[in-house]
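So you can see what is in the structure, the chains are spelled out below.
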Amino acid sequence: MSFTIAIDGPAAAGKGTISRAVAAHFGFAHLDTGLLYRAVGAEMLAGTEPVAAARALRAEDLDAAALRSPEVAQAASKVAAIGDVRAALVDFQRAFAARAGGAVLDGRDIGTVICPDAAAKLFVTASAEVRAERRYRELLEAGADTNFAAVLADVRERDARDMGRVDAPLRAAADAVELDTSAMDIDEAVAAAIAVVETAM
Ligand code: C5P
């Protein structure tokens, strides 16, 4: 039997790190669904029509390292507002969720649209300032030339687009447990997430 964990939330709330740690803890597979939209966004930046790019997407195209730039993130949130792009990516995500042995999927609409019957649902948040601060530090460590105001503006712009779109907007599922990580370090956030999943097992 499959056991699916849905982890949603806005950009830089910590859901990627939490999802990887939760998957490792339970020995489950993990899919960062943002990578699907990032791959389509990167294709759009390279001149491919986004719906065609989404339909042609293969698992081998999901090279996390190549898809991490702020430009690709913004392109991802633009293609993610296109209903036909989202529709083209549903089957891949549901097949992943159904794999034997358990799966963790993180994204924006996993608990609401992709896996409404997930056994455990988490909505991971933090204030926009805290999320921008975390992202800013990551970018500096990676050697990027940036400033805090630009990163905060970027986070707010992506939040607005993700929450405001008509198709599968970013929001917590009614039965999701909300985890605000603003005042938590990563170990505390992971422990809290594992505790939530354990109550669903
Ligand atoms: O999570 P990540 O920042 O990599 O996602 C990039 C963009 O992809 C998000 O801003 C969002 O617009 C889109 N996305 C989505 N649905 C998901 C995952 C990501 O719309 N399940």
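Residues numbered from 1 in each chain as written. Predicted model: local features only at pLDDT ≥ 70, side-chain atom pairs only at ≥ 80, totals over all residues.

1. Some thoughts on the UniProt feature "domain: Cytidylate kinase" (unreviewed entry) in the chain
Taken from the UniProt record, the annotation "domain: Cytidylate kinase" (unreviewed entry) applies to residues 5–46 and 60–197. Note that residues 5–46 is 57% helix and 19% strand, and that its end C-alpha atoms are spaced 33 Å apart. Annotated as residues 60–197, this span is 53% helix and 11% strand, and its ends, taken at the C-alpha atoms, are 30 Å apart. (UniProt positions renumbered as here; feature names shortened; annotations may be inferred. Helix = DSSP H or I, 4+ residues; strand = E, 2+ residues; numbered from the N terminus.)

2. Comments concerning helix α5 (residues 83–97)
For α5, with 15 residues, the first-to-last C-alpha span of 21 Å sits near the 21 Å given by 1.5 Å per residue. By the largest-angle criterion, V90 marks the main kink of α5, which is about 35°. (Expected span 1.5 Å × (residues − 1). Bend = angle between axes of the 7 residues up to and from the residue.)

3. Details of the pairing of strand β1 (residues 4–8)
Of all five residues making up β1, five are buried, and the element is well covered by its neighbours. Judged by which residues are buried, β1 turns out to be covered on both faces: T4, A6 and D8 on one side and I5 and I7 on the other are all buried. Judged from the five bridges that link them, β1 and strand β3 (residues 103–107) form a sheet pairing that is parallel. Along β3, the bridge assignment pairs I7 with D106. Two strands pair when backbone bridges link them, and β1 and strand β4 (residues 120–125) are joined in this way by four bridges, in the parallel orientation. (Buried ≥ 20, exposed ≤ 12 C-beta atoms within 10 Å, placed from the backbone. Pairing = 2+ DSSP bridges.)

4. Some words on the UniProt feature "binding site: ATP" (unreviewed entry) in the chain
With numbering aligned to this structure, UniProt lists the feature "binding site: ATP" (unreviewed entry) at G9, P10, A11, A12, A13, G14, K15, G16 and T17. Structurally, the position occupied by G9 is in the loop between β1 and α1 (15–26). The exposure class assigned to G9 is buried, which follows from the 27 C-beta atoms found within 10 Å. For G9, the residues in contact, after removing those within four places along its chain, are K15, F123, V124 and T125. Residue classification places G14 among the buried residues on the basis of 25 C-beta atoms within 10 Å. Sequence-distant contacts of G14, defined by excluding residues within four places in its chain, comprise V124, A126, T181, I186 and A189. (Contact = placed C-beta atoms within 7 Å.)

5. Some words on the sheet that holds strand β5 (residues 177–180)
Whenever strands of a sheet pair, they do so through backbone hydrogen bonds, lying parallel or antiparallel. Overall, parallel pairing links the five strands, which are arranged β2-β3-β1-β4-β5 in an open sheet. A strand with exactly one partner marks an edge of an open sheet, and here the two such strands are β2 (29–32) and β5. Put simply, the sheet's adjacent strands are angled 20° from each other on average, direction ignored. (Axes fitted to C-alpha atoms, helices over the stretch in contact; angles between N-to-C directions.)

6. Things to note about the packing of α1 against helix α9 (residues 186–199)
Taken N-terminus to C-terminus, the directions of α1 and α9 make an angle of 55°; their axes are 9 Å apart at the nearest point. If you check the angle between α1 and α9, you find them oblique. For the crossing formed where α1 meets α9, the hand is right-handed. Each of T17, I18, A21, V22 and H25 in α1 lies in contact with α9, whose residues at this interface are I186, A189, V190, A193, I194 and V197. (Parallel < 35°, antiparallel > 145°, perpendicular 65-115°, else oblique. Left-handed = near helix turned anticlockwise from the far one by under 90°.)

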